[in-house]
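Survey of secondary and tertiary structure
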Amino acid sequence: MASELNQITSWSLRWRIFLSGALCLVAALSAAQPPGANIVLHADQRFQLALEAQAARDYRTMLEELRQAAAEDSAEAQEMLGMVLLAGSTLYGTEVKADRCEARRWMLRAASQGSDTARVQLTFLNRLRQSPSGRNACE
């Protein structure tokens with residue numbers, strides 16, 4: 001009886017050592033990869049991250065996330081990026097430089113996807129950007 005008890009205890013100890021080693025290996029492998037290394041974000045998720053960054057006044061991150069979401073054809077991101085580029089440092093500090101020509105390009109893309117806000121902004125921009133000779137200053 002005592003030998004059977006010793007065998008069970010020995011087996012249990014071996015099993016615990018194996019599990020501890022496996023957990024240590026998993027923890028080491030998890031620590032080796034940076035967090036989020038395999039995460040793929042969609043345009044809508046990037047747009048939400050941009051909104052969160054804006055709320056946190058992290059305008060550099062906001063601009064990066066907006067550019068990526070807009071490049072992935074998110075009309076909302078294109079529209080907002082155009083507005084951000086119109087306002088520039090007036091609202092967003094030194095991290096965001098105003099660029100009406102780039103704003104126009106993003107608004108055109110948003111308008112082509114049906115954004116009424118982008119269409120209104122384009123009308124406004126076209127009035128601002130007309131040079132005295134009647135040519136568009138961005139071309």
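Above: the structure in question.
Residues numbered from 1 in each chain as written. Predicted model: local features only at pLDDT ≥ 70, side-chain atom pairs only at ≥ 80, totals over all residues. Heavy atoms only, no water.

Notes on the overall build of the protein
Quick reminder of the rule: Segments assigned H or I by DSSP are reported as helices when at least four residues long, segments assigned E as strands when at least two residues long, and all are numbered from the N terminus. Relative accessibility under 20% of the residue-type maximum defines a buried residue, over 50% an exposed one, and the middle range a partly exposed one, all with a 1.4 Å probe and only protein chains included. When checking whether two residues touch, look at their non-hydrogen atoms; a contact exists if any pair is within 4.5 Å. Reported accessibility uses the Shrake-Rupley method at a 1.4 Å probe radius. Residues are deemed covered only where the shown protein chains occlude them.
When helices and strands are tallied, the protein shows seven helices and zero strands. Mapped from its N terminus to its C terminus, the protein presents α and β elements in the order α-α-α-α-α-α-α. Out of the 139 residues belonging to the protein, those deemed buried represent 27%. In the protein, the proportion of contacts linking residues at least 24 apart, taken out of those at least 6 apart, comes to 47%. Carbon and sulfur atoms make up 56% of the accessible area of the protein, which amounts to about 9,700 Å² in all.

Description of the nonpolar core
This is how it is decided: Joining through side-chain atoms within 4.5 Å is the link that ties buried Ala, Val, Leu, Ile, Met, Phe, Trp, Tyr and Cys residues into a set, and such a set is a nonpolar core.
Counting residues in hydrophobic clusters, the biggest one holds 20 residues, and the most contacted among them are Met62, Leu66, Leu81, Val84, Tyr92 and Val96. Put simply, the parts of the chain that give this core at least two residues each are α2 (43-55), α3 (59-71), α4 (75-87) and α6 (100-112). The residues touching Leu81, leaving out its near neighbours within four places in the chain, are Leu63, Leu66, Arg67, Ala70 and Trp106. Counting residues in each nonpolar core, the second largest holds six residues, with Ala110, Ala118, Leu122 and Leu125 among its members.

Digging into α4
Definition in use: Expected span of a helix, by definition, is 1.5 Å for each gap between consecutive residues, and there is one gap fewer than residues.
The terminal C-alpha atoms of α4, which comprises 13 residues, lie 18 Å apart, in line with the 18 Å expected from a rise of 1.5 Å per residue. Among the residues making up α4, those that are buried are Ala77, Gln78, Met80, Leu81, Gly82, Val84, Leu85 and Ala87. Against the buried residues of α4 lie α2, α3, α5 (89-92) and α6.

Some remarks on a nonpolar patch on the surface
Inclusion rule: Patches draw on residues past 30% relative accessible area with no salt bridge. Two like charges within 9 Å are joined, as are two nonpolar side chains (Val, Leu, Ile, Met, Phe, Trp, Tyr) within 5 Å. Any Lys or Arg side-chain nitrogen found within 4 Å of a carboxyl oxygen on Asp or Glu counts as a salt bridge.
Together, Trp15, Phe18 and Leu19 make up an exposed nonpolar region whose accessible area comes to about 320 Å². Inspection of the secondary structure puts Phe18 in helix α1 (residues 2-32).

Brief notes about unusual backbone geometry
Here the phi dihedral of Arg57 falls at roughly 60°; this positive angle occurs in a residue that is not glycine. Here Arg57 is to be found in the loop between α2 and α3. For Asp73, which is not glycine, the phi torsion reads 70° and is therefore positive. Summarising the element assignment, Asp73 is placed in the loop between α3 and α4.

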